[in-house]
Each structure stands twice: as structure tokens, then as C-alpha cells.
Amino acid sequence: MSNNIFSVSYFLEIFPKVVGKLDVTLYLTLIAMICALILGTILAIIAFYRVPVLYQISRVYIAFMRGTPAAPQLFFFYYGLALISTTITNMSATTAVAIIISLNMGAFMSESIRAALMSVDVGQREAAASLGMNGLQTVIRVILPQAIRVALPPLFNDIINIIKMTSLAFMLGVKDIMGVGRSEAALSLRYFETYAAIMIVYFVVIMIFSFFSKKLEKICNEAY
Amino acid sequence: MIQVDHLYKKFDENTEVLKDINLHISKNEVVSILGPSGTGKSTLLRCLNYLCVPTKGVIRIGDTTVDAEHHKKSDVRALRRHSSMVFQNYNLFKNMTALQNVMEALIQVQKKSKKEAEERAIELLEKVGMADRKDFYPSKLSGGQQQRVGIARALAVSPDVILFDEPTSALDPELVGEVLNTIQKIAEDGATMILVTHEIRFAREVSSRVLFMDEGRIAADGKPEDIISHPQNPRLQQFLKYFAQT
Ligand SMILES: Nc1ncnc2c1ncn2[C@@H]1O[C@H](COP(=O)(O)OP(=O)(O)OP(=O)(O)O)[C@@H](O)[C@H]1O
Ligand SMILES: [Mg+2]
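I will try to describe carefully the structure that is included in this document. The structure presented is a predicted model; accordingly, all values stated were derived computationally and were not measured.

1. Observations concerning the overall build of chain A
So, step 1. Along the backbone of chain A there are 10 helices and 0 strands.
So, step 2. Each helix and strand of chain A, placed in order from N terminus to C terminus, yields the pattern α-α-α-α-α-α-α-α-α-α.
So, step 3. Once local pairs closer than 6 in sequence are excluded, the contacts in chain A between residues at least 24 apart make up 77%.
So, step 4. Element-wise, carbon and sulfur atoms account for 72% of the exposed surface of chain A, whose accessible area totals about 11,500 Å².

What follows is the structure, given as C-alpha cells:
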């Protein structure tokens, strides 16, 4: 192995190791995305209907989650709250990361979804009411189909942020793309090659995701 | 068939928009409501189907009576089944084609089969001259075309009364005619209608009765000849003179 600043042979060696942990990153992303979407939808509906008490609580929650970085949230939860909760003490690091990303990004997603719900003009809601449709029918038949189209671009953006945010998982010792690369680099001291490999893997994943999300947006926009 | 007793509406403490409205409208009447801007014409119309909840008063349409001071959700829904509304800005469902817009309430509210709803919807679209555009989304239709679909949609639920709130004021002048013709046709079919409009000449032609609203009250009520051609009320005279100029 040469001692050049960038060793191609080391890069070719580390790259498959990093790619080998892609399943952990994608699994974390998928779980966090689903939970964040569910949480975001619930928070958005609370905001849309201004459900008393819950609305005020959710505003504080969202402000807090958006106003603090994910890294301290992660430590606060996994090491701080673990002192008072055995559930958290016994929790796997991966689960803890998934929970924090969901709680954090759920707050962001709720804003994307809420804005989309609001984007359907009140006139259409009045038209539905004047025809005798009830609230649920109006939401399912009129508001949601239009809101989804508006929500897609910001939600895709939020999902890209989730993919990136999973790279914090190493802080709790999770061996994902970032985690495994970091321990390899600590042994080999080959930072250039290792982190280049890591970034390339994230970049390719996000590019593939963007490609399909653009396609989907286009299909939705052509609908009407 | 429509009975309004002591209807009041306040949006806030100081502004009483409707002040003791009393009104009886019989089947097959075509009632136009005229009046200066901000006198509560839209508010009155919207109170009739509770898009706007009155502060006080009783509204009866058909066999449903709703008292504002203790109304239930189910009362409101029952009341709405007796009427339908045509909006100034059409308010078509943007995610549905013209045909789907007309079918929607037939399927969701009247629980008709898809086939039955479609047949009825096409019939109505033919009546408003929009059958050839039935598969167009609202974004691909002109204002006048959208409004005609809006009228078909309002007719679909076989309402006892159709409420029109300035159905032509958002339209380009050259498109007003097609919508007025459609409304006239429906009036000739014997529909009961309440029509808020600034088209004085049309109101005179189409209606069997004209109301003049002023500052939250019905200030004049009578046959179109009397109200429009021989106005007695000084405010009404002034209002008509203003329109004659423009
Ligand atoms: N949602 C609302 N909240 C507060 N005030 C309102 C609301 N809707 C209407 N108003 C007020 O009530 C009054 C009557 O309004 P309305 O829309 O019924 O008038 P209108 O006779 O239909 O006028 P126009 O010819 O301009 O349509 C106006 O002064 C208006 O500002
Ligand atoms: Mg009005």
C-alpha cells in the first residue's frame, strides 16, 4: 500500500465494507420515515382542526424539536432519560436513534403536511358542505387528494434529511455506513479514502431517491 | 317552503350584519336579491345553508327546521340536503373532472350507484351544455364553463332551492351571457331559486320577485316591475340610478 494522500487500493478495499452496511442505514431510514410520517400526519391534523389543548401542546413540541439539534436530543434521550427509565436503558441503540429521528423529523413533516392541508382553498370545503358531504368525506375525497400533491416536494426533502440524519447513529455506537467507516478509519488512519467512500454512498442513495421522487411528482402534477 | 324568522347575524359585538330578517318563499319562486355591497346579501344566503351560523333566528326549508340558538350537526346536515349553492368563484373540486364533480354528491351523499350517478350527471351536463367537456378538469375550463358545471353540480342533488351568490361577477364580460342563459333555462324549468346578483336587467327578466337589501334589512320586497321599474324606497332609487350609469 502506497503512502500517497489518496490510496486508490485502500479506497477499493473500504468501499465494499461501507456499502455492506447500507442495509442498516436504509432500515433506519425506512423505520424513521414511516414513524415520522405517522406522527407528522397526526400533528398536522391537530393543527388543521385546532384541537383544543392538543394544539397548544403540539405547537410547543414542534417549536422545541425544530429549535434544537438532533445530536443533543439523541444523547439526552439515550443517556439522560435512561437514568430514569429502564425501558430506555434496555433499548438497542438503533431503536433509540429511530425514535429520536422520528420525533425530530415528525415535527418537520407536520409543518409540510399542515401547509398542504391549508393549501386547499376554503371554497372547495364550503362547496362540499353545501352539498351535504360530512367532514370526513370532505377530507378524504377533496382535501387529501389535493394536499398530497402539494405535500410531496417538501416531504421528499424531509426524507432526504432523514437519510442524512441517520449518519448520527454512530454516536450511539450503531454500525451503519458512517459507524463502520469511522471505526475503520480510526484503525487505518485513512480518513480521505474512508469518508470519500461514505459520502459517495450517501450521495448515490440520495440521487436515486431524488430521481424517483421527481418522477412521482411529475406524474402527480400531470394528473389535473 | 322556505321560512325565515327573526334572523340575526353578528360577526363581532359591534357589527350586526343581519338585523331581524323575516322571509317566506314559496315553491317555484325565483327571488333575486339586490343591494349595495356589504349589506349582508351573501351572509343571508350563507345562513340559509349554515355555511354561516346565524346568531339568532329560525330557518325552515321543506320539512327541516333549525333554530340557531340550539342547532345540532344533524339538523344542519338535514337542512343542507334541501338546498345547494352556486358560488361566485365556482369552487369546483379541482381534483375531479366535470363529470366527477357532478357525480360526487350523488354517490357520497345520496348513495346512488356509480352507473345511476353517471347517467344523471351526464344528463345535467347536457342541460348546461357541458357534456362534450365532461372529462375535463376545472383547470382546463374557462370561467363560464366552470360555472355551468357548478350549476349542474348544484342541480344534481335535486334541491328544493338553489342558492346563487353572484354567479357571474367573477366572469369576463363575454362569458356572462352563457351562464345567465343557463340560469334562465333552469328558472323556466320551475326550479326554486334565490339569486344574489348585480345584473339588474337579468334580475328583472328572470325573477318572479325581487328583494332589496340595505344595511342588514330587507328594505323592499315585491314584483320586479314594482321594485326595479317603479322604486319607492329612496335608497333603492339611488342604488338603481347608480347602476343605470354604469
Ligand atoms: N366572515 C366574516 N367575518 C367578519 N365579518 C364578515 C364576514 N363575512 C362578512 N362580514 C361582514 O359582513 C358584512 C356583510 O357582508 P356580505 O358579504 O354579506 O355582503 P354582501 O351584501 O354580500 O356584499 P357584496 O355585494 O360585496 O358581496 C360586511 O360588512 C362584511 O365585512
Ligand atoms: Mg356578497
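2. Overview of the overall build of chain B
So, step 1. Looking only at helices and strands, one finds 9 helices and 10 strands in chain B.
So, step 2. Against the globule reference of 18 Å for 246 residues, chain B gives a C-alpha radius of gyration of 18 Å, in line with a compact fold.
So, step 3. Along the three orthogonal principal directions, the C-alpha set of chain B runs to about 50 × 45 × 30 Å.
So, step 4. Looking at the 246 residues of chain B, the share that counts as buried comes to 55%.
So, step 5. As displayed, chain B offers around 11,100 Å² of accessible surface, 45% of which is attributable to carbon and sulfur atoms.

3. Observations concerning the pairing of strand 5 (residues 64-67) of chain B
Residues and elements named next belong to chain B.
So, step 1. Residues Thr64 and Val66 of strand 5 are buried on one face, while the alternating residues Thr65 and Asp67, pointing to the opposite face, are not.
So, step 2. Here strand 4 (residues 56-61) runs beside strand 5; their pairing, made up of 4 bridges, is antiparallel. The partner of Val58 across the bridge, within strand 5, is Asp67.

4. A few points about a nonpolar patch on the surface
So, step 1. On the surface, Ile200, Phe203, Val204, Met207, Ile208, Phe211 and Phe212 of chain A cluster together into a nonpolar patch covering about 690 Å² of accessible area.
So, step 2. Along the chain, the position of Ile200 of chain A falls in helix 10 (residues 191-223).

5. Looking at the site of ligand 1
All names here are of chain B.
So, step 1. Residues in contact with ligand 1, as listed here, are Phe11, Val17, Pro36, Ser37, Gly38, Thr39, Gly40, Lys41, Ser42, Thr43, Glu166 and His198.
So, step 2. A distance of 2.6 Å separates an oxygen atom of ligand 1 from a polar side-chain atom of Ser42.
So, step 3. Its free accessible area being 640 Å², ligand 1 has 55% of it covered by the protein chains.
So, step 4. Ranked by residue count, the leading element in the shell around ligand 1 is helix 1 (residues 41-48), at 3 residues.
So, step 5. Tallied by class, residues from the shell around ligand 1 come to 3 nonpolar, 7 polar and 2 charged.

6. Here we look at the packing of helix 2 (residues 22-49) of chain A against helix 8 (residues 135-165) of chain A
Angle between the axes and distance between the axes are the two parameters that describe a pair of packed helices.
Residue and element names in this part refer to chain A.
So, step 1. The contact between helix 2 and helix 8 brings their axes to 11 Å, and the two run at 135 degrees. Considering the angle they form, helix 2 stands oblique to helix 8. Of the two elements, helix 2 crosses helix 8, and the hand of that crossing is right-handed. Residue-level contacts link Thr29, Ala32, Met33, Ala36, Leu37, Phe48 and Tyr49 of helix 2 to Val139, Ile143, Leu155, Ile159, Ile162 and Ile163 of helix 8.
So, step 2. In terms of residue class, the contact of helix 2 with helix 8 is built from 12 nonpolar, 1 polar and no charged.

7. Describing unusual backbone geometry
So, step 1. Phi at Val53 of chain A takes a positive value of approximately 65 degrees, unusual for a residue other than glycine.
So, step 2. By the secondary structure assignment, Val53 of chain A is in the loop between helix 2 and helix 3 (54-67).
So, step 3. You will see that Lys111 of chain B, though not glycine, has its phi angle at about 55 degrees, which is positive.

8. Focus on the sheet that holds strand 1 (residues 2-10) of chain B
All names here are of chain B.
So, step 1. The sheet built from 4 strands is open, its strands ordered 2-1-4-5 with antiparallel pairing. Each having just a single partner strand, strand 2 (16-25) and strand 5 make up the two edges of the open sheet. Between one strand axis and the next, the sheet turns through 15 degrees on average, direction left out of account.
So, step 2. Bridge count for strand 1 against strand 4 is 5 bridges, and the pairing is antiparallel. The partner of Asp5 across the bridge, within strand 4, is Val58.
So, step 3. Seen against the sheet, helix 2 (residues 73-80) touches strand 4 and strand 5 and runs at an angle of roughly 135 degrees to strand 5.

9. What to know about the side chain of Ser112 of chain A
So, step 1. Of note, Ser112 of chain A is situated in helix 6 (residues 93-119).
So, step 2. Not counting the four nearest positions on each side in its chain, Ser112 of chain A is found in contact with Ala151, Pro154, Leu155 and Asp158 of chain A.

10. A closer look at the nonpolar core
So, step 1. Within the largest apolar cluster, 42 residues are counted, with the highest numbers of intra-cluster contacts made by Ile2, Leu7, Ile59, Phe93 and Ile194 of chain B.
So, step 2. Excluding residues within four positions of it along the chain, Phe93 of chain B makes contact with Gln124, Ala127, Ala128, Leu131, Met133 and Val142 of chain A together with Asn101, Glu104, Pro138 and Arg153 of chain B.
So, step 3. Membership of the second largest hydrophobic core comes to 38 residues, among which are Ala36, Ala98, Ala116 and Val174 of chain A.

11. Brief notes about the interface of chain A and chain B
So, step 1. The interface of chain A with chain B comprises 19 residues on the first partner and 24 residues on the second.
So, step 2. If you sort the residues of chain A by the area they bury against chain B, Ser130, Leu131 and Tyr224 of chain A come out on top, with a joint share of 33%.
So, step 3. Remark: the boundary between chain A and chain B carries 8 residue pairs in polar contact (both at pLDDT 80 or more).
So, step 4. Contributing elements (two or more residues each) for the side of chain A that touches chain B: helix 7 (122-130) and helix 8 of chain A.
So, step 5. Broken down by class, the residue content of the side of chain A that touches chain B amounts to 9 nonpolar, 7 polar and 3 charged.

Calculation criteria
- Residues numbered from 1 in each chain as written.
- Chains lettered and ligands numbered in written order.
- Predicted model: local features only at pLDDT ≥ 70, side-chain atom pairs only at ≥ 80, totals over all residues.
- Heavy atoms only, no water.
- Helix = DSSP H or I, 4+ residues; strand = E, 2+ residues; numbered from the N terminus.
- Contact = heavy atoms within 4.5 Å.
- Areas by Shrake-Rupley, 256 points an atom, 1.4 Å probe, with all protein chains shown as cover.
- Rg over C-alpha atoms; globule rule 2.2 N^0.38 Å.
- Buried < 20%, exposed > 50% of the residue type's maximum accessible area, 1.4 Å probe, protein only.
- Pairing = 2+ DSSP bridges.
- Patch = residues over 30% accessible without salt bridge, like charges linked within 9 Å, V, L, I, M, F, W, Y side chains within 5 Å.
- Salt bridge = Lys/Arg side-chain N within 4 Å of Asp/Glu carboxyl O.
- Near = heavy atom within 4 Å.
- Polar contact = N/O pair within 3.5 Å; in protein donor to acceptor, adjacent residues only side chain to side chain.
- Nonpolar A, V, L, I, M, F, W, Y, C, P; charged D, E, K, R; others polar.
- Axes fitted to C-alpha atoms, helices over the stretch in contact; angles between N-to-C directions.
- Parallel < 35°, antiparallel > 145°, perpendicular 65-115°, else oblique.
- Left-handed = near helix turned anticlockwise from the far one by under 90°.
- Core = buried A, V, L, I, M, F, W, Y, C linked by side-chain atoms within 4.5 Å.
- Buried area = accessible area lost by both parts, 1.4 Å probe.

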